[in-house]
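Descriptive structure summary
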Amino acid sequence: MTTVPDLRRSAASADSVLEGLDPEQRQVATTLDGPVCVLAGAGTGKTRAITHRIAYGVHSGAYVPNRVLAVTFTARAAGEMRTRLRDLGVAGVQARTFHAAALRQLQFFWPQAIGGTLPNLAEHKAPLVADACNRLRLQSDRARVRDLAAEVEWTKVMLVDADDYVAAATRAGRGEPGGLDLATVARLVRTYEEVKTDRAVIDFEDVLLLTAGILDERPEVAATVRQQYRHFVVDEYQDVSPLQQRLLDLWLGEREDLCVVGDASQTIYSFAGATPEHLLDFPRRHPGATVVRLVRDYRSTPEVVGLANSVLSMATGRHARARLELIAQRPSGPAPTFTAYDDDVAEAAGVAARIAAEVRAGRSAKDVAVLFRTNGQSQALESALADAGVGYVVRGGERFFSRKEVRDAVVLLRGATRAALPGHDLGAETRAVLTSAGWAERAPSAAGSVRERWESLQALVVLADELAATRPGAQLADLVEELTERASAQHAPTVDGVTLASFHAAKGLEWDVVHLVGVSEGLLPISFAETPDEVEEERRLLYVGVTRAREAVHISWANARTPGGRASRKPSRFLDNLRPETAGGAAARGRAASSRAARRSGPVLCRVCGASLTGAVERKLGRCADCPSSYDEAVYERLREWRAGTSRAASVPAYVVFTDATLTAIAEAMPADTGALARIPGVGPAKLEKYGEEVLAVLTAG
């Protein structure tokens, strides 16, 4: 029986969970009944908010830990969530990826729902796709197999079967995957399923499909799962695919005990089936849902935040309407830099020299990252960093704990614990053991697999040193235990080297200093991004890259590919509003100033619904983007007609002239002169000079 003192201690523990949260985070933490939608900008503490929500629910008695399922997209993120919950005194909460949660349920229910043993899980699709190609007598080189494997995955996460593939792929603009026409790809998809059946295996998407199928067809199984899990939290909700949403709906049943967290401006995986529509439509699908916006950026300096806001300021489409204007909470730092180099080699050398100088000045190499659009850009950077004597780590390859050298090293360390004597220095013992596995004090000069092997072993050495520093007296057995726990959570240790990663691989990570290289037309946006939606996703990639930085961002591009080559490259169109030498630079500074002014003057409320307005456009309009507008439809249509004619005459897309959001703002504000027009978001000095008089003429034409 619970005593009164126990209740008091529980209340005190619950209240302590809320300490240090800002008002919006506290609202997330204390809104325990769903549905809840958290729109969380980069660096705004979303993981902190949702873990404290779970902890507050448990400590207050509203939640039973083992009846909470927190779902995210990477094993690393799930491991971080479990670690934070443990630090908050909460154990027993299930924090897993969609696949891990589904696989656990599938393994448990398969014998009773289907019978027999669950088929083996194929680790990779490539051999299965190659076999399917061979059966259809199609060429199966590595590039084609990779592209077709990605297309097979897309069909599954989008819930598209082979019979419907051609129509669905045509609507989605999938092109010619692997250089094949869509009808041939449809046959390949069908044959791929036959290959799996013949080999008695399933793939990763089948885990979700089969689990959803069992829950849908077996009411007693669905009832058991729903009895087990009462409260759901879904992180990175903008990346949910139709298949994952289908599984989530089946987990929930008719209940609404759901909290989702996401940011439409960080949707960068649509090619793999991710869609922010579930996030954007959440309030409509769940009437009465509590919507909380997290916009206080604790990660980055005002300069980085201002740059990030400016990157999205010219965005178009539905994502743009949902963007969150971040408000910096950290002290000022250095201004972003923009550098043009003669060629790719010069760019790599220049970036490496800059990093080397910072490392010599005391900056830790692991606090620096170099991000690029395609993996092929890393080779020049690897060579330049090696020449500069700077260690580096290439991110995005095989999982750390799946690497052979790591598995072998853990076996050696575990064996050494039997002979280890108490009181010995953990770092020295670890080095002695790993020397037999090929570790050395000095990093090898060679790149490639030799360097990667050393980096893996060096990460274990660094972890041993960190463990010894934080837990005096720790021994080899403690290190092995730590590695075992990290392996189960896929929580890899860090290496003291510069991180080289693609924009996609960098999502969810952060560093003090971030170099964004190759920011030129053809690379960002990538050359095959042709539609407005594809171009906008490339813009969001740049936004994700910028928001990885805590203190400084350095953006660069090369005018030519090779030394002595023709200088035919141009800086990315996304930089037109960012570089100080362009007119948009003044606009960006103006937007940053208005953001700071808004922060000083307090909240601005929507004149329609009374909600607090966070975005610059919303504050200027005086209403939420979703609230009814008050502009004259005839004026808006005249502006659209004028824009259409202007864009045709200039042979540019309409949004390059003015976005829909800017036209809406103009129609609502009805500026009488150029001064008033200049104060509208999206009307920078260059556009004011180019279109100002014409816009004012359109407004007075009625």
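Residues numbered from 1 in each chain as written. Predicted model: local features only at pLDDT ≥ 70, side-chain atom pairs only at ≥ 80, totals over all residues. Heavy atoms only, no water.

1. Comments concerning the overall build of the protein
- Per the secondary structure count, the protein includes 31 helices and 18 strands.
- Within the protein, the fraction of its 702 residues that count as buried is 51%.
- Considering only intrachain contacts with a sequence separation of at least 6, the fraction spanning at least 24 residues in the protein is 76%.
- Carbon and sulfur atoms form 52% of the exposed surface of the protein, whose accessible area is close to 31,500 Å². (Helix = DSSP H or I, 4+ residues; strand = E, 2+ residues; numbered from the N terminus. Buried < 20%, exposed > 50% of the residue type's maximum accessible area, 1.4 Å probe, protein only. Contact = heavy atoms within 4.5 Å. Areas by Shrake-Rupley, 256 points an atom, 1.4 Å probe, with all protein chains shown as cover.)

2. A look at the pattern of salt bridges
- Under the criterion given, the structure shown has 41 salt bridges.
- In the salt-bridge network here, residues are joined through shared partners; they are R299, E358, R363, D367, E510, D512, R550 and E551. (Salt bridge = Lys/Arg side-chain N within 4 Å of Asp/Glu carboxyl O.)

3. What to know about the packing of aromatic side chains
- Under the criterion given, the structure shown has eight aromatic pairs.
- For the pair F98 and W251, a centre-to-centre distance of 6.0 Å together with 5° between the ring planes defines the contact as stacked. Of this pair, F98 sits in helix α5 (residues 98-113) while W251 sits in helix α12 (residues 242-252), placing them 153 residues apart in sequence. An identical accessibility class is assigned to F98 and W251; each is buried.
- On the numbers, 6.4 Å between centres and 80° between planes, the contact of W154 with Y165 is edge-to-face. A residue pair is termed long-range when its members are at least 10 positions apart, and W154 in helix α7 (residues 142-157) and Y165 in helix α8 (residues 165-172) qualify at eleven residues. With respect to class, W154 is no different from Y165; both count as buried.
- A connected cluster of aromatic rings, assembled from ring pairs, spans F73, F98, Y229, F232 and W251. (Phe/Tyr/Trp six-rings, centres within 6.5 Å; stacked < 30°, edge-to-face > 60°.)

4. As for the environment of R643
- Assignment of secondary structure puts R643 in helix α27 (residues 633-650).
- With a relative accessible area of 7%, R643 lands in the buried category.
- Distance from R643 to A654, taken between C-alpha atoms, is 6.3 Å for residues eleven residues apart in sequence.

5. Comments concerning the environment of V368
- Note that V368 resides in strand β12 (residues 368-372).
- Measuring from C-alpha to C-alpha, the distance between V368 and E510 comes to 9.0 Å, with 142 residues separating the pair along the chain.

6. Details of helix α15 (residues 302-313)
- Here α15 is twelve residues long and its end C-alpha atoms lie 16 Å apart, about the 16 Å a rise of 1.5 Å per residue gives.
- Buried within α15 we find P302, V304, V305, G306, L307, A308, N309, S310, V311, L312 and S313. (Expected span 1.5 Å × (residues − 1).)

7. Section: the confidence of the model for the protein
- This prediction gives the protein a mean pLDDT of 82; 85% of its residues lie at or above 70.
- The weakest mean pLDDT in the protein belongs to helix α25 (residues 583-601) at 40; the strongest belongs to strand β15 (residues 511-516) at 96.
- Throughout residues 1-9 the model reports pLDDT below 50, and contacts reaching past four residues in sequence, or to other chains, amount to one contact.
- Below pLDDT 50 for its whole length, residues 583-605 participates in 37 contacts with residues either more than four positions away or in separate chains. (pLDDT = per-residue confidence, 0-100.)

8. As for the sheet that holds strand β16 (residues 549-560)
- If you walk across this open sheet you meet the six strands as β11-β16-β15-β12-β14-β13, and the pairing is parallel. Across the chains shown, the open sheet's two edge strands, defined by having one partner strand only, are β11 (337-343) and β13 (392-394). The average angle at which neighbouring strand axes cross in this sheet is 25°, direction not considered.
- By the bridge criterion, five bridges tie β15 to β16 in an arrangement that is parallel. Note on β16: the bridge partner recorded for H515 is H554.
- Contacting β11, β12, β14 (498-502), β15 and β16, helix α17 (residues 344-360) runs over the sheet at an angle of about 135° to β11.
- Along the sheet face, helix α24 (residues 532-546) touches β12, β15 and β16 and points at about 145° away from the line of β15. (Pairing = 2+ DSSP bridges. Axes fitted to C-alpha atoms, helices over the stretch in contact; angles between N-to-C directions.)

9. Regarding unusual backbone geometry
- A cis amide bond, omega 5°, links L524 with the succeeding residue P525.
- Note that P525 resides in the loop between β15 and α24.
- One non-glycine residue, L159, lies in positive phi territory at about 60°.
- Topologically, L159 is positioned in the loop between α7 and α8.
- L159 gets classed as partly exposed once you look at its relative accessible area, which sits at 45%.

10. Things to note about the packing of helix α2 (residues 23-30) against helix α3 (residues 46-59)
- Where α2 meets α3, the axes come as close as 7 Å, and the angle between the chain directions of the two elements is 40°. By the criterion of interaxial angle, the relationship of α2 to α3 is oblique. Along this stretch, α2 crosses α3, giving a crossing that reads as right-handed. Touching Q25, V28, A29 and T30 of α2 are R48, A49, H52, R53 and Y56, all from α3.
- Residues that form the contact of α2 with α3 fall into these classes: four nonpolar, three polar and two charged. (Parallel < 35°, antiparallel > 145°, perpendicular 65-115°, else oblique. Left-handed = near helix turned anticlockwise from the far one by under 90°. Nonpolar A, V, L, I, M, F, W, Y, C, P; charged D, E, K, R; others polar.)

11. Quick word on the state of the cysteines
- Scanning the model with the defined rule gives zero disulfides in all.
- Between C259, a cysteine without a disulfide, and C37, which holds the nearest cysteine sulfur, the sulfur-to-sulfur distance is 8.3 Å.
- According to the relative accessible area criterion, C259 is buried, its value standing at 0%. (Disulfide = S-S within 2.5 Å.)

12. Structural notes on α2
- Along α2, the residues classified as buried are Q25, V28 and A29. Down the axis of α2, the smallest arc covering the buried residues is 95°, so these residues share one side.
- Of the surrounding elements, those touching the buried residues of α2 are β1 (36-40), α3 and β8 (290-294). (Arc of directions from axis to C-beta.)

13. Comments concerning the sheet that holds β1
- With parallel pairing, six strands are arranged side by side in an open sheet as β3-β2-β6-β7-β1-β8. Taken across any chain shown, the strands that pair with only one partner, and hence form the sheet edges, are β3 (94-97) and β8. Going from strand to strand, the sheet's axes swing by 15° on average, the running direction of each strand aside.
- For strand β6 (residues 231-234) and strand β7 (residues 258-262), the ladder comprises three bridges, and the chain directions are parallel. For F232, the partnering residue across the bridge sits in β7 and is L258.

14. Some points on a negative patch on the surface
- A cluster of acidic residues, D632, E633, E637 and E641, forms a negative patch at the surface.
- The residue E641 is located in helix α27 in this model. (Patch = residues over 30% accessible without salt bridge, like charges linked within 9 Å, V, L, I, M, F, W, Y side chains within 5 Å. Lys, Arg positive; Asp, Glu negative; His and termini not counted. Charge placed at Lys NZ, Arg CZ, Asp CG, Glu CD.)

15. Some thoughts on the pairing of β14
- Here β14 lies mainly inside the structure; five of its five residues are buried.
- Residues V498, L500 and S502 of β14 are buried on one face, and the alternating residues T499 and A501, pointing to the opposite face, are buried as well.
- Taken together, the four bridges between β12 and β14 define a ladder with parallel strand orientation. Across the sheet, A369 pairs through a bridge with T499, a residue of β14.
- Where β13 meets β14, three bridges bridge the pair, whose relative direction is parallel.

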